[in-house]
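Descriptive structure summary
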Amino acid sequence: MEAASLSGVLSYNKRSGASLRNDDDRFSRSIPRCSRRYIASVSRESSEGSNDKPSSKALIISSCDSNTQNHGLLKGPNLSGGPNQKRNLNVQANCVVGVCTFPENVVESHYVHAAEEKLGVLLLNLGGPETINDVQPFLYNLFADPDIIRLPRLFKFLQRPLAKLISVLRAPKSKEGYAAIGGGSPLRKITVEQAAALRMALEAKNVRANVYVGMRYWYPFTEEAIEQIKQDRITKLVVLPLYPQFSISTTGSSIRVLQGMFREDAYLSTLPVSVILSWYQRQGYIRSMADLIEKELGRFAKPEEVMIFFSAHGVPVSYVKDAGDPYKDQMEECIDLIMQELKARGVGNGHTLAYQSRVGPVQWLKPYTDEVLVEIGQKGVKSLLAIPISFVSEHIETLEEIDMEYKHLALESGIENWGRVPALGCTSSFITDLADAVVEALPSAKALSSSRENAEEAEFDPVRYLARMFFGSILAFILLMAPKVVLALRNHLI
C-alpha cells in the first residue's frame, strides 16, 4: 500500500515520466508487504463537469451522530494530547524515501485518549449513469476530464466543446450497453454497500469513523462528499480510491480534484489528510483475489486445463511512456503476486494478461483483450476463466463488456467452457484488508501546504494569446455546433 499526504500529490504528477517510474520502484522496494506501512506524496488540478440534474445529498456512512466528538481513532505520537503526553512510548521510526515504519505496539496503543478526534474515510470511485437519460451527461463529464483526453496546453480551452461532441456521438451505443445491464450502472449502490461494510470493519478494530462516497463523474460527486466532510468537522481524513493500481486517469484524476478544492478552502487546507495511492500489493487483497479464482476454477469439470485470463482496463500508451504512469508496471506486478499465491496453493494453471475498453484512434496498452481471445481460441484452448483485475465492483465493463461481448467472442473463437470471477465487492476478507489499510495510513496524515503556486503557469505572451483565442474561437464554435448538426442529420435521415 502507498499512503501519501495530499500535499505531495501535485508534485508527483508533474514530474517527468522516468522520475515517476523510479519513485514507484523505490516505493515497491521499500515497503514490506507484511508490515505496517506509511508513505508521503501525489495530485492534480480541478476540472468541471456537467451537472444537469439537481444535486443529491452526499452519501455518508456514519458510525455515530455527526455532532458526537467521541470517535475512538488511531493517533500518532505527535498528535497525542492531555494525559497521553505523559506516556513515554519510546517511539523509533525508520524512514526511507518517505516511508516510515513504526513498531506495531505503538500503533495499537494509540486507540485510547482520542476522544477529541473525528475520523473520516473518503472512498473514491468512477461513478456511473443510473438511468439511460444520465448516459450522455455522464460521458460529457468523463471526456471533459483533462486526464482522460489529454490535449496540448495550447488547446486546453477546447476540452469542453470536444467532450460535448464525443459524448453526443458515443451516447447511442453506450445507452444500448446500459440498457443491456438493466438500464443503469450499479456502481453507486455497490460502493455505498462497501462503505457501510468498511465502517463496520473499522468499528471491529475499535476505530469509529464516518465513511463517505465521492464519485468522479456522476452523483454523488466528490465535491458533495467534501462539503459533507466540512459540515461534519472531520479532524483527520483518509482518502481511499477504490482502484488497486494507481493511474493518472483514475486515482490521479480524483486526487487532482481534491488538490484544487483543498488549496482554495481555509478549513480543508489545514485538515490532516492521508491518501492511499495504491494497494495492489497488500496480502489481504492478493489472497482475496486468489480465493475467488480458486473457487471459480472449481466449477470447471477439469480445473487444471483452464486458462486464467486477466483482463485489465487499458490506458493510452502515451500515459505510460510520456507521462510516466506506473499503471502497467503495477498491473503486471499485481498479477505476478496473485499467481505466486495460487502456485503456493498448488494451482499451476497458465495465465495471460490483456487490456480492454480502448477508445479512439490512439494506441492503447497491448495486447488487446478482444484480439487475445481470438488467438487463444485458435490455439485450441477450450476452457477459460476471465478475471476483471482492474475492478473491485461490478459495472458496465464487467457486466456488459466482459460478460456479453467478450464471452460471445470467446465462444465464437472456439472456447467451449467460459467462466468469470466476480468483482470483490463486499467480500469480507477484502473489506477487512481495506480497514487495515485505513488504520495503517492514519499516522502519515498531514495538512495540505498553503502554497498556491502553479508550476505550469507560463509567462504571458499577449500576441500568442490573441492568436490562440481568435483561431480557437472559430474551432470551438465548430465543435459546439457539430452535435446539433449531427442530431439534425440523424433526425432528417430517420
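Refer to the structure presented above.
The following refers to the structure shown. Just so it is clear, the model here is predicted, and its values are computed rather than measured. (Residues numbered from 1 in each chain as written. Predicted model: local features only at pLDDT ≥ 70, side-chain atom pairs only at ≥ 80, totals over all residues. Heavy atoms only, no water.)

Section: the overall build of the protein
Each helix and strand in the protein was counted, giving 16 helices and 13 strands. Looking at the protein as a whole, 55% of its 494 residues qualify as buried. Taking the contacts inside the protein whose residues are at least 6 apart along the sequence as the reference set, 85% of them involve residues at least 24 apart. Surface exposure of the protein reaches about 21,800 Å², of which carbon and sulfur atoms provide 53%. (Helix = DSSP H or I, 4+ residues; strand = E, 2+ residues; numbered from the N terminus. Buried < 20%, exposed > 50% of the residue type's maximum accessible area, 1.4 Å probe, protein only. Contact = heavy atoms within 4.5 Å. Areas by Shrake-Rupley, 256 points an atom, 1.4 Å probe, with all protein chains shown as cover.)

Brief notes about the pattern of salt bridges
The full count for this structure, using the stated rule, is 22 salt bridges. The shortest N-O distance in the salt bridge between D433 and R282 comes to 2.9 Å. Taken as a pair, D433 in helix α15 (residues 428–441) and R282 in the loop between β8 (272–278) and α10 (283–297) lie far apart in primary sequence, 151 residues in all. The pair formed by D433 and R282 is uniform in burial state, with each residue classed as buried. With a closest N to O distance of 3.1 Å, R299 and E296 form a salt bridge. Linked through salt bridges whose partners overlap, the residues forming this network are D145, D147, R150, R216 and R256. (Salt bridge = Lys/Arg side-chain N within 4 Å of Asp/Glu carboxyl O.)

With respect to the sheet that holds strand β9 (residues 307–313)
The four strands are arranged β10-β9-β11-β12 in an open sheet whose pairing can be described as parallel. Because the sheet does not close on itself, it has two edges, and the strands there are β10 (351–356) and β12 (417–420). Strand-to-strand twist of the sheet, defined as the mean angle between neighbouring strand axes without regard to direction, takes the value 25°. Bridge analysis of β9 against β10 gives six bridges, and the strand direction is parallel. Its bridge partner being in β10, S311 is matched across the sheet by A354. (Pairing = 2+ DSSP bridges. Axes fitted to C-alpha atoms, helices over the stretch in contact; angles between N-to-C directions.)

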